[in-house]
Amino acid sequence: MQDAIQSFDIRDWKPNLTAAETEKVALNLEQGAVIHLPTLGFSMTNDEQKFYSPSWLNGQRKNISLEGLNVRGATGSINDLTQMASMITRYAHQATQLIITLFPNYALYLNTARTSYRPNMVGAVAARSWKKDDSRLHVDAFPSRPNHGERILRVFTNVNPENVSRVWRVGEAFEQAAQHFLPNIKPPVPFSASLLSAIGITKRKRSEYDHIMLHLHDHMKADLDYQKNTQQQAVNFAPGSTWICFSDQVLHAAMSGQYMFEQTFHLPIAGQYHSEFSPLHVLEKLQKRQLVKR
Ligand code: SIN
Ligand code: FE
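Residues numbered from 1 in each chain as written. Chains lettered and ligands numbered in written order. Predicted model: local features only at pLDDT ≥ 70, side-chain atom pairs only at ≥ 80, totals over all residues. Heavy atoms only, no water.

Peer 1: Please explain the pattern of salt bridges as it appears in this structure.
Peer 2: It is possible for side chains bearing opposite charge to pair when their charged atoms get close. Throughout the structure, instances matching the rule amount to 18 salt bridges. The closest approach of N and O atoms between Asp-134 and Lys-62, which form a salt bridge, is 3.4 Å. Within this pair, whereas Asp-134 is found in the loop between strand 5 (111-121) and strand 6 (151-158), its partner Lys-62 is found in the loop between strand 2 (34-37) and strand 3 (64-67), the two being separated by 72 residues in sequence. On the basis of relative accessibility, which here comes to 29%, the residue Asp-134 falls in the partly exposed class. Classification of Lys-62 as partly exposed rests on a relative accessible area of 48%. Taking the shortest distance from any N to any O, the salt bridge between Arg-72 and Glu-67 comes out at 3.3 Å. Given a relative accessible area of 32%, Arg-72 falls into the partly exposed group. (Salt bridge = Lys/Arg side-chain N within 4 Å of Asp/Glu carboxyl O. Helix = DSSP H or I, 4+ residues; strand = E, 2+ residues; numbered from the N terminus. Buried < 20%, exposed > 50% of the residue type's maximum accessible area, 1.4 Å probe, protein only.)

This is the structure in structure tokens:
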């Protein structure tokens, strides 16, 4: 694989790039690199400096997030929460502008999902189980939200005011990891997908793709030998930097850091430049059959 981290000198949330440049960034991203923009930061106003504290978390969620116009996971006066919502919305707009400027082909397909503000120190609250422990290498896959191959695209920005980097580990290429774990992933129990969706555990029916992605997530986190010995690198994302990746494809683990914004998007693979690198197509190639209904 090419280097798992690809840096670009982009200083604007609406950068001016040539078609050849966007093509290059898109190819790197879709091949599974983290696109690192070391000189793209998010500014918090003087008034917003007060949000530099984990005490804004209400204790019920790991992060503060914006869903539609509602702030979730935060505690404070109506005025403070309104101000917080406007700060998070500003991040959401800038992250969206960045993605549609860098990857114009995505614009027609992109679904904007949750925006989060993460004032907690990584590891400050122990994960409730190893499955939720994001300091273990994993690809994102969520039990209640079947994707049917749709991509999870994320933008992250470190806003730490005290020069503390966010440190990740980034693992081997998706295809290698899939080859490593697939032999131990058993097919779904017949009718389990219908049952899970009928009783409301999943938002829609789990496809075989979702079944494999969830097991890939779980097997990887459970395998301490793999966690320790697989090929990986530590990456420091300094304050004032932004990074973008398909988190369903990049093996990642959050090791340390505090104060970050994050924007999630969902992208149907029809919107990709090179969908052959998508986890769905890679897994279908390795399994030699279709994993979602078409
Ligand atoms: C994750 O997506 O697993 C965590 C990312 C982070 O908090 O830095
Ligand atoms: Fe993750």
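Peer 1: Any chance you could explain helix 3 (residues 174-181) here in plain terms?
Peer 2: Since there are 3.6 residues in each turn of an α-helix, residues three or four apart along the chain are aligned in direction. All buried positions along helix 3 are accounted for by Phe-174, Ala-177, Ala-178 and Phe-181. Seen from one end, helix 3 has its buried residues packed into an arc of 100°, which puts them on one side. In this structure, the buried side of helix 3 is in contact with helix 5 (208-222), helix 6 (224-229) and helix 7 (279-287). (Arc of directions from axis to C-beta. Contact = heavy atoms within 4.5 Å.)

Peer 1: Just to check I follow, could you spell out the coordination of the iron ion (ligand 2) for this structure?
Peer 2: A metal bound by six donors in octahedral fashion has ideal angles of 90 or 180 degrees, whereas one bound by four tetrahedral donors has an ideal angle of 109.5 degrees. Coordination of the iron ion (ligand 2) by the protein comes from His-138 (NE2), Asp-140 (OD) and His-252 (NE2), over a distance range of 2.1 to 2.2 Å. The sequence pattern describing where the donors of the iron ion (ligand 2) fall on their chain is H-x1-D-x111-H. One end of the pair, Asp-140, is in the loop between strand 5 and strand 6; the other, His-252, is in strand 10 (residues 252-256), with 112 residues separating them in the sequence. Look at Asp-140 and you get buried, because its relative accessible area is 7%. (Donors = N, O, S within 2.8 Å, 3.2 Å for Na, K, Ca; no water.)

Peer 1: What is the right way to read the side chain of Asn-147 from this model?
Peer 2: For Asn-147, the location among the structural elements is in the loop between strand 5 and strand 6. On the basis of relative accessible area, Asn-147 is assigned to the buried category, the value being 9%. A polar atom in the side chain of Asn-147 sits 2.5 Å from the side chain of Arg-145. What Asn-147 contacts, discounting residues up to four positions off in sequence, is Ile-152, Arg-204, Tyr-209 and Asp-210. (Polar contact = N/O pair within 3.5 Å; in protein donor to acceptor, adjacent residues only side chain to side chain.)

Peer 1: What is the right way to read the site of ligand 1 from this model?
Peer 2: Contacts to ligand 1 come from Arg-118, Asp-134, His-138, Arg-166, Trp-168, His-252, Ala-254 and Met-260. Side-chain polar atom of His-138 to an oxygen atom of ligand 1: 3.0 Å apart, as the coordinates give it. Within the side chain of His-252, one N or O atom sits 3.2 Å away from an oxygen atom of ligand 1. Considering ligand 1 on its own, with 260 Å² of exposed area, one finds that the protein chains cover 94% of that surface. At the level of elements, strand 7 (166-170) and strand 10 are the ones that each hand at least two residues to the shell around ligand 1. (Near = heavy atom within 4 Å. Areas by Shrake-Rupley, 256 points an atom, 1.4 Å probe, with all protein chains shown as cover.)

Taken by themselves, the reported measurements are silent on function.
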